[in-house]
Amino acid sequence: MTEPAYVELAAASNFSFLHGASHGSDMLLRALELGHLGLGIADRNTVAGVVRVWKALKDTREDCLAETGQPLPFKLVTGARLVFADGTPDIIAYPETRHGWGRLCRLLSTGNLRADKGDCVLRLEDLLTFHQDLLLIVLPASTRREDEGEERKAEKQTILPPDGKEAVPSPLFVIPAKAGIHREAGAGGLVDSRLRGNDGGSDNVVPFPTRPNPDTLTRTLAALRAVAPDRVWLGAAMRRSGADARKLAKLATFARTARVPLLAINDALYAAPEDRPLQDVLTAIRLGITVQEGGKRFEANAERHLKAPAEMARLFRDYPEAIAETLRFHERIAFDLEDLKYEYPHEPVPEGWEPMAWLKHLVAEGAAEKWPEGMPAKVEKMLDEEFKLLSKRPDLPYYFLTVHDLVRFARSKGILCQGRGSAANSMVCYLLGVTPVDPARYDLLFSRFMSEDRDEPPDIDVDFEHERREEVMQYVYDRYGRHRAGIVATVIHYRSRSAVREVGKALSLTEDVTTRLVSTVWGSYSSQMEEERFKETGFDLDNPEIERLNHFVARLLEAPFPRHLSQHVGGYVLTEYRLDETVPIHHAAMEKRTFIEWDKDDIDALKLMKVDVLALGMLTCIRKAFDLIRDFEGVEYTIRDLPAAQADVYDMLCEGDSIGVFQVESRAQMNMLPRLRPRELYDLVIQVAIVRPGPIQGNMVHPYLRRRQGKEEVVFPSPAPPHNPHELRDILGKTLGVPLFQEQAMKLAIKAANFSPADANKFRRAMATFRNVGTMPQFEEKMVGGMMERGYSEEFARRCFDQIKGFGSYGFPESHALSFAILVYASAFLKKRHPAAFCAALLNSQPMGFYAPAQIVGCARDHGVEVRAIDAAHSDWDNKLEPGDGAPAVRLGFRQIDGFKQAWADAIMGARGALGAGDPAQRIEALARAAKLPARALRLLADADAFRAFGYDRRQALWEVRRTPTDALPLFAAADARELGQEDDPQLPAMPLSEHVAADYQTTRLSLKAHPMSFLRPVFAREGVLSSAQVGLAKDGTRARVAGVVLVRQRPGEGKAIFITLEDETGITNVLLWARDFEKYRRPVMASRLMEVHGIIQHSEEGVVHLMGAHVVDRTRELDRLSEDHQTRPQLSRADEFEHPQMPRNHVPRGRHPRNVRILPASRDFH
Amino acid sequence: MLAENIWRLGNPKTSSICEEGLPVVFVEKLNNAMRLTALSRAAIALGLTPDLTLADARARVPELVALDRDHGDEARLLARIVAGCVRYTPMAAAEPPDGAILDITGCAHGFGGEEGLKADLARRLEASGITAFCALGDTPEQARALTRFGHKSKNLLDLPVEAIEADPAVTLALRRAGLKRIGDLASRPRKMLAARFGDLAIRLGRVLGEQDRHISPERPLSPVFALRRFAEPIARIEDALACLEDLGRDAAQTLLERHQGGRRFIARFFRSDGAIVGVEIGTGRPTRDPALLIRLFRERVDALSDPIDPGFGFDMIRLDVGQCEALTARQDDHLAPSRHEEDLAELVDRLSVRLGARRVHRAQPENSHIPECAASPCAPSRLPVWESAPEGEPPMRPLRLFDPPQPVGAVMSEVPDGPPMRFTWRGKTYGVTRWEGPERIAAEWWRRRDRGGRPRDYYRVEDEAGHRFWLFRHGLHEAGGTPPDWYVHGLFA
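Residues numbered from 1 in each chain as written. Chains lettered and ligands numbered in written order. Predicted model: local features only at pLDDT ≥ 70, side-chain atom pairs only at ≥ 80, totals over all residues. Heavy atoms only, no water.

Draft legend 1. A look at the overall build of chain B. On a plain count of helices and strands, chain B comes out with 14 helices and 17 strands. Since a compact globule built from 493 residues should have a radius of gyration of about 23 Å, the 34 Å found for chain B marks it as more spread out than a globular shape. Across its three principal axes, chain B shows a C-alpha extent of roughly 105 × 80 × 50 Å. Within chain B, the proportion of its 493 residues that are buried is 44%. Across chain B, contacts joining residues at least 24 apart in sequence account for 52% of those joining residues at least 6 apart. Accessible surface computed for chain B: about 26100 Å², of which carbon and sulfur atoms make up 52%. Across chain B, 69 positive and 71 negative side-chain charges occur, with their mean positions spaced 4 Å apart. (Helix = DSSP H or I, 4+ residues; strand = E, 2+ residues; numbered from the N terminus. Rg over C-alpha atoms; globule rule 2.2 N^0.38 Å. Buried < 20%, exposed > 50% of the residue type's maximum accessible area, 1.4 Å probe, protein only. Contact = heavy atoms within 4.5 Å. Areas by Shrake-Rupley, 256 points an atom, 1.4 Å probe, with all protein chains shown as cover. Lys, Arg positive; Asp, Glu negative; His and termini not counted. Charge placed at Lys NZ, Arg CZ, Asp CG, Glu CD.)

What follows is the structure, given as structure tokens:
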């Protein structure tokens, strides 16, 4: 007897979020194993997961061909399970042709764009609109969930243009605000009114269907058969629910009456029966219940797995034609994802031009502007070579032109932007103005960055000012239309945190237990909850509950399960023809954004082009600084023509004086600067790239530094004799023989380990998906072994591999470092030459960078900039420049006040002319009236001590504004008279300076009056605690105690040491604490805002001083002294304090005592 | 603070750990984060504070014991404390979440003066394991301020401005103004404060004892009862019951006034020789229908295994309503359709009275696929909703199940999952003529360590004689495994 044949056409992958319990690729492998002839993947209202399965099949095919020389006789068909919001039973739809795929995508887009992110509202009439070329399997019942398919407000729905050229949406697609009539003619007549949902767009929620409704089914089948007579099937599954045979017979009768064929499915949710518990856990997560509460809401048995053809034939022995039908169905489908042909949009190329010719024309224009007397021969040669390369790939000119189009738009709006990436470091990009890096000057070869692999997509990321990127994004939508442009998706996968929390909840572990487990996982990138981690938290894997948690968490993480879709940071896919006929479009969580269902890897696999529109805070800062300098000092700068290679700028960097400077302001970078001593732009490129996990994990940092300082000879690792000993010279030449960049490490691996092109290709693939799929380990032996075979030392080989592993999660290639280095230089230049403008611009671009406003202002003042306090009479919303003593001074703006609104600031700025004279109270009242300020604005201003120019300090002003009327009575207003009578002097005590400082921190997070530590100095001095300045002068090896405000706590890399930065009135102290000491002092380290550290002073060779911490004390309580009168608070031992019941207690609303509102903002740190 | 007390009182085993200083915190979900809202002394001593997120607290003190805060429990404990305070004064009221206020005006003489009363209260609270702070004041607010903020100084004017318990923004503003003690406020014109801080002046007046507000004490409603004494003892049970009916009317009147109905009624017959006979009835829903009551009492008295012996007669009969529930007045309408539910409830009441309340059940559906777990008995007063079978479909499961399922032998069935064609049960062999199935029900993996368990395949079968059985195969046929067992789990009518 021949083996029966069967194709499962109702397989869900885990992109049916929290329904499907297997990866699509596992489904595929299982189907291959069981000897199916094909597989149909149909997820709930989505095709987000199909590309991965398709790619997995493609890879398996290649492997199979390579191993056996036989092609794999297997056909994957991709579709979607349509779950309707109007009570229509589920329908599985497979496109028969490319046109059908387009219809399916349009259908899903229509549903998606009616709903909020992640949801889809489908109605039967949508399918009747878009049914063409779709093969439809109608299932007996709907599986719609109660909260599924809820419409968003009609006016917020995005409407895509219909077919045809006109861009105006036709009435067909306009969703009427109220009525329930969606189609006037055509198929509408076929749909029973009961199927349409209730009247009123927003609340047509149909109750959760519990069992098949024969009437609905009849109507659905009839409606579909009328439009698609030969493309409708009735799907039947044998679920082992007792009455299977009877139900099947009924369905068969049904199918006969409706004149549609019966088709066997098993409606698989997972690959193998063992996956049932996981599916139950996912169901519990979905329903927000625990597994114990699951009961009947779970499947009764483990039958929803892929079954062998023989088993399916046995189950359907009474209706063998239902099995045969699956094959007929499967054979009919001619569509494969391979058929999605990508076409570049025509917009960037003007009519009548060929793209290459237009590109050449634009480049020539750029060159003519740059070199009016004709370009140098070197440049000409470079351009020739680049054009030669570009002409080999017809897509590349389009790509460059598309990027150029965006950049041109940004320029026209005065938005700073800059390209980076492999293709960006070309002469073409330079002359198009995409990047300011002149490849001729830095000796960059385009071909060096372009991969030999012709399939790899070109890579140009363009950074825009972060505050104005939205303008560029909306430009993209406007220019190409929402039906032709979409942001790429990012698939959010389960991480250990989310997995532990959600699975723990489903297994009814308390939130406390899961928090405890999660809190020991430092990074959220750890791929597994190791056994030790459980031990650390005091839980044992012998405990069945914990073992169960571990089992399911491991299942979710081994190849991370997708959790939901999110939008990519800024990657756009632009198409010539309708994008919504290639992939469904969704609403993003962010207003006005739409994105597609596929992520970056899917796009790459299908060879769609992606343009990255990214946001960069430093560009905003630089633009604002340029504007300030132009307006105030009359000097006009652009990034492109800043004076290059200024010695004083590099001198500043060499001293590690880099607060606010792009990319090199972190503690680790600051420590590296004096050691690396950058003197030219390429040094900055290395500086940016070296303090990264890759080079650190590969142990490449110290060898490079030693060679750079001339302490070690520059040698190139070389293979054993038969091979060319200089084979690595090309790759490692610029970095003194030490691989530092991602491209270097990759090329080195491929060259030194002599990978075949196919291997190299796979290796690249593994790298790209490093975090998602654990395929890297198999390359470790291949690479290390390969390198050793050719005579490299094992140690070097392992280091190279470790480095690649390090890059895996935080890749940083040279092509990106180059563009960043330009910004490092630009920001350093501004900091050195225009410190006031830089400070103001940096503050105006917050939040960005590493440092809080207090440090930015402190740093500017250290560099001699006068900084003036916020004042109602002088400040603007933004921080600005004012004429100062010789150099410009910075006037802090209202934006520094927590909670202040820009509208109030604008009103104040507008009302300033109207302010009269008079006593302070009168002037405040006049301001309040002229600017129509609400009480809250006045109180915030007073609390920020901004009425000094009027003659009131904080205390007086606060007392006064508490009674300042804010909505003038008409009579008083008409008479322009004061509403308030004179009041007796309240005899308030004077506010001590320390209290002012504390209040400054509370309102603006910084104080220009004094550093909090300066008030505590006498206390600490008496105890023998040194100031930071004294620590800097102390000898190497001396014991010292130092105290300061905690700025930063960091636990870099593998977490062997904790870095803490303390600040006092004289400067900062860097404290280093070993991890074991940290465990001992965990509480003070985690809790302190004011910390005292005892330790030993260490000087490094470059003159950096550290305190090796040995003992940590939490002195946060001392800060209370600032805001309390010293006399009334005699020195109590702190232990005493806990006895006081006025300790913050829960009866105070919001749980916090107003006096104990923290004086200092939380530091940036790791917990 | 109450939270800690509850934990210590409610869990004596762990309370010893607490004494040794284990940091215990109580957490609540606020603004999407688990935050500490109450702390044990040990936790406070470690520097933890309310409002800290649990994750932050854990980062500092990994060995922290975190418990979910239960406000309901706290309120109940507070209510018990307040109820206990009635020994001092009828004017005792709870001040949620964690305070109580006692008006002891004129109540202190029995305890040796006000200080004596306070000391007695403190002693009693401490003896019951409750941490409490007590203070005396002229007004509730003053007492409250002194209790919460008066640990350093008993002088009202020295208390911090927080003691006024104004809005935190107002308190902050006062501190910013340099007015940090109540004395600083008291010495300034009230008009000045009122112009700026609204009700602060009133609050200040209350704390200073210038203005009083009355507390609303907790007063439990008095119990409902009715009684009748007889000059001459009555000896006939029938007479006694007739009297009881009168009492029932009296009680019903009281209940009607309160908009309540009784769920539990106790009749006590006081015999002239001093013996008391008590008879109790309960109803499924609140009632105040005297006719119904007497009917139920008669049922109960008739059903007594040990009939009531009137002896020399009863000289008093008393009817107590043991449990009251809200019941609004209703006008009966003789045209209204009969209330089926009420009829059923009445039947249930009569059965319960006759057979005992614990012997009348209703079946309610449970959330499980496993047949023996799919239903459970519940009180007859509840109205569980069963899913009705689709029209025209036979019942898939029998009404009653064998507990435990009974093994059947000599089963002939097709491998792997065919129906039983012949089986032997209780020594008799049945040949199956018609069957349906299987209904496969997998084990509840979460109850098992190995996440496994054998599934059951249920069949509905009929033999030649028309008997219908519900059989199941326990386990599946697996290569090399033990053959599965068969059981009969129920019979279809």
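Still more ground to cover, so stick around.
Draft legend 2. Up close: the interface of chain B and chain A. Contacts between the two partners involve 74 residues from chain B, matched on the other side by 83 residues from chain A. Taking both partners together, chain B and chain A bury about 7100 Å²; carbon and sulfur atoms supply 52% of that area. Contact with chain A buries surface across chain B, with Arg176, Arg196 and Trp445 of chain B losing the most and accounting together for 13% of the total. Taken together, the connections running from chain B to chain A amount to eight salt bridges. With its nearest N and O atoms 3.3 Å apart, the salt bridge here joins Arg246 of chain A to Glu393 of chain B. Counting across the interface, chain B meets chain A through 28 residue pairs in polar contact (both at pLDDT 80 or more). Among the secondary structure elements, those contributing two or more residues to the side of chain B that touches chain A are strand 2 (33-39), helix 3 (41-45), helix 4 (54-60), helix 7 (140-149), helix 8 (168-176), helix 10 (190-197) and strand 14 (428-441) of chain B. The element that contributes the greatest number of residues to the side of chain B that touches chain A is helix 8 of chain B, accounting for eight residues. A class-by-class count of the residues in the side of chain B that touches chain A yields 36 nonpolar, 10 polar and 28 charged. (Buried area = accessible area lost by both parts, 1.4 Å probe. Salt bridge = Lys/Arg side-chain N within 4 Å of Asp/Glu carboxyl O. Polar contact = N/O pair within 3.5 Å; in protein donor to acceptor, adjacent residues only side chain to side chain. Nonpolar A, V, L, I, M, F, W, Y, C, P; charged D, E, K, R; others polar.)

Draft legend 3. Structural detail: the sheet that holds strand 21 (residues 1090-1099) of chain A. All names here are of chain A. Taken together, five strands build a closed barrel; the order of strands is 18-19-20-22-21 and the barrel is mixed. Between one strand and the next, the sheet's axes are offset by a mean angle of 55°, whatever the strand orientation. The pairing of strand 19 (residues 1057-1064) with strand 20 (residues 1067-1074) spans eight bridges and is antiparallel. In the strand pairing of strand 20, Leu1062 is matched with Thr1069. (Pairing = 2+ DSSP bridges. Axes fitted to C-alpha atoms, helices over the stretch in contact; angles between N-to-C directions.)

Draft legend 4. Spotlight on unusual backbone geometry. Residue Pro404 of chain B is reached from Asp403 of chain B by a cis peptide bond, and omega for that bond is -5°. With omega at 0°, the peptide bond leading from Gly437 of chain B into Pro438 of chain B counts as cis. Of note, Pro438 of chain B is situated in strand 14. Look at Arg677 of chain A: it is not a glycine, yet its phi comes out positive at around 45°. Judged by its relative accessible area of 44%, Arg677 of chain A falls in the partly exposed class. In the Ramachandran plot, Arg1005 of chain A falls in the positive-phi region, its phi being about 65° despite a non-glycine side chain. Judged by relative accessible area, Arg1005 of chain A falls into the partly exposed class, the value being 38%.

Draft legend 5. Spotlight on the confidence of the model for chain B. Residues and elements named next belong to chain B. For chain B, per-residue confidence averages 84 on the pLDDT scale, and 92% of positions sit at 70 or higher. Summarising per-element confidence for chain B, the mean pLDDT is lowest in helix 2 (residues 12-19) (46) and highest in strand 15 (residues 456-463) (94). Segment residues 10-17 is flagged for pLDDT under 50; beyond a separation of four residues in sequence, or across chains, it makes four contacts in the model. Reported confidences for the modelled complex are a pTM of 0.79 and an ipTM of 0.75. (pLDDT = per-residue confidence, 0-100.)

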